[in-house]
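Descriptive analysis of the structure
One letter stands for each residue in the lines below.
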Amino acid sequence: MSAAEWKQKCEAEWGLQGVPMPDAVDWKSVYEAKPLGRNLLKNPAPIGFSKDTPPPEPEYPDAPPGGPPRFQPEGNFASWTTKTEVLPYDTSGIPEGVVVCGLPQHSWFTLEQVVDLKAEGLWDELLDKFQPEIVIQDWYEESQLHDYIYELHVKLLAADKTTIISLHTAKPKENMSVYSHNWKEVSHVFSSYGPGVRYVHFQHRLKNSFLNDFFPTRFTDSSVIVKPVRSSS
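Let us look at the structure shown here. (Residues numbered from 1 in each chain as written. Predicted model: local features only at pLDDT ≥ 70, side-chain atom pairs only at ≥ 80, totals over all residues. Heavy atoms only, no water.)

In terms of regular secondary structure, the protein is built from 3 helices and 9 strands. Along the protein, from the amino end to the carboxyl end, the secondary structure elements read α-α-β-β-α-β-β-β-β-β-β-β. Principal-axis analysis of the C-alpha atoms gives the protein an extent of 75 × 30 × 30 Å. Considering the protein as a whole, with its 233 residues, one finds that 41% of them fall into the buried category. Sequence-distant contacts in the protein: of pairs separated by 6 or more residues, those separated by 24 or more amount to 78%. Accessible surface, the protein as shown: approximately 12,300 Å² in total, 50% of it carbon and sulfur. For the protein, the centre of its 22 positive side-chain charges and the centre of its 31 negative side-chain charges are spaced 6 Å apart. (Helix = DSSP H or I, 4+ residues; strand = E, 2+ residues; numbered from the N terminus. Buried < 20%, exposed > 50% of the residue type's maximum accessible area, 1.4 Å probe, protein only. Contact = heavy atoms within 4.5 Å. Areas by Shrake-Rupley, 256 points an atom, 1.4 Å probe, with all protein chains shown as cover. Lys, Arg positive; Asp, Glu negative; His and termini not counted. Charge placed at Lys NZ, Arg CZ, Asp CG, Glu CD.)

Structure representation (C-alpha cells):
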C-alpha cells in the first residue's frame, strides 16, 4: 500500500476532514498505532476492579489480623510510579481529657504516569494546529474513610516535560452524612489548550486508613483518550 493510501486510510478511520495531515508523516505507523479514540494509559485498573461491578463491601474480621500497619493496597502497579505518604494522627475532634484506645491512621497512595503523545502515534500538526480534545476519566470508590479521599492532578506538558501548558485539578469533598458505596466518576476535557503539548502527566491520590486492619480507597478504569474532534468554542 502506498504512503498516500495509508494517509487516506487514516483519514477514513477517524474522520479527519479538516485536520492537517502532512505527507512527511509516516501514516502506516500512525494507522498501526491507532492513537485516536483509545486509552493511552497503560494498566488502567491495577487493583483489579471494574467500574461495571460494584466495589466490594469492607470486611470486618472477628479478631484483628495482626502484623505491622499497611498503607498500600495490593495490586500490580506496572507502568505506574507510586508513592505512599503516611499522615499524622488526627486528634482534632477529641475533647480534652478523653482517653482514646485507638485512632485510624490515614495515608495517601499516589500513582502517576506520563503519556508521550508522539510516541503513541500523534503528530505535531494535529497537536499544535488542530488541538484535539484530550479526555480524562477516572473512577474512585466511596470508601467513607474521610471527607477527602481522592485527588486528581493532570498536566499537559511541553516537549521539555516541565513547562505546563494546561492543568486540571479535582479535590472532591465526600458527603459523610449519607452512606453510599459506589464508584464515583471524575472527568475533564482539555480543549483549545494552545500549541506545544507533547506529554500528559496523569496523577491521582487515594486516601487509605489503618486501624487494626487496612481499609483502602480503590480506583479503576483510569483513562486518557485523544479524540479527533475539537471544541467549537
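It is the rolling of a water-molecule-sized probe over the atoms that shows where space remains empty. Of the voids in this model, the largest pocket is the one considered here, and its volume is about 570 Å³. Around the largest pocket, the lining comprises 23 residues; the ones closest to its centre are Pro58, Phe214, Phe215, Pro216 and Arg218. Partitioned by chemical class, the residues of the lining of the largest pocket number 12 nonpolar, 3 polar and 8 charged. (1 Å grid on protein atoms, 1.4 Å probe; cavity = no way out; pocket = protein on both sides within 12 Å on 5 of 7 lines; lining within 4 Å. Points joined across faces, edges and corners; volume = space filled by probe spheres on them. Nonpolar A, V, L, I, M, F, W, Y, C, P; charged D, E, K, R; others polar.)

What follows is about the pairing of strand β7 (residues 199-210). Within a regular strand, the side chains alternate between the two sheet faces. Burial runs high along β7: 12 of the 12 residues are buried. Side chains of β7 alternate between two faces, with Tyr199, His201, Gln203, Arg205, Lys207 and Ser209 and Val200, Phe202, His204, Leu206, Asn208 and Phe210 buried alike. In terms of strand pairing, strand β2 (residues 105-116) meets β7 through 12 bridges, oriented antiparallel. Looking at β7, one finds that Val115 is bridged to Val200. Taken together, the 8 bridges between strand β4 (residues 150-157) and β7 define a ladder with antiparallel strand orientation. Pairing of Leu152 across the sheet is with His204, part of β7. (Pairing = 2+ DSSP bridges.)

The 3 strands lie next to each other as β6-β3-β9, forming an open sheet whose pairing is antiparallel. Both edges of this open sheet fall to β6 (183-190) and β9 (219-227), since each of them pairs with a single strand only. With direction set aside, neighbouring strand axes in the sheet form an average angle of 10°. Relative to β6, strand β3 (residues 133-141) runs antiparallel, the two being bridged by 8 bridges. Bridging from a neighbouring strand, Ile134 pairs with Phe190 of β6. (Axes fitted to C-alpha atoms, helices over the stretch in contact; angles between N-to-C directions.)

In an α-helix, one turn spans 3.6 residues, which is why side chains three or four residues apart end up on the same side. Along its 12 residues, helix α1 (residues 3-14) runs 17 Å from first to last C-alpha, staying within 8% of the 16 Å computed at 1.5 Å per residue. Within the span of α1, buried status applies to Trp6, Cys10 and Trp14. An end-on view of α1 places all buried positions within 50° of arc, on one side of the element. For α1, the exposed residues set more than 90 degrees away from the buried face come down to Gln8 and Ala12. Packed against the buried residues of α1 are α2 (27-33). (Expected span 1.5 Å × (residues − 1). Arc of directions from axis to C-beta.)

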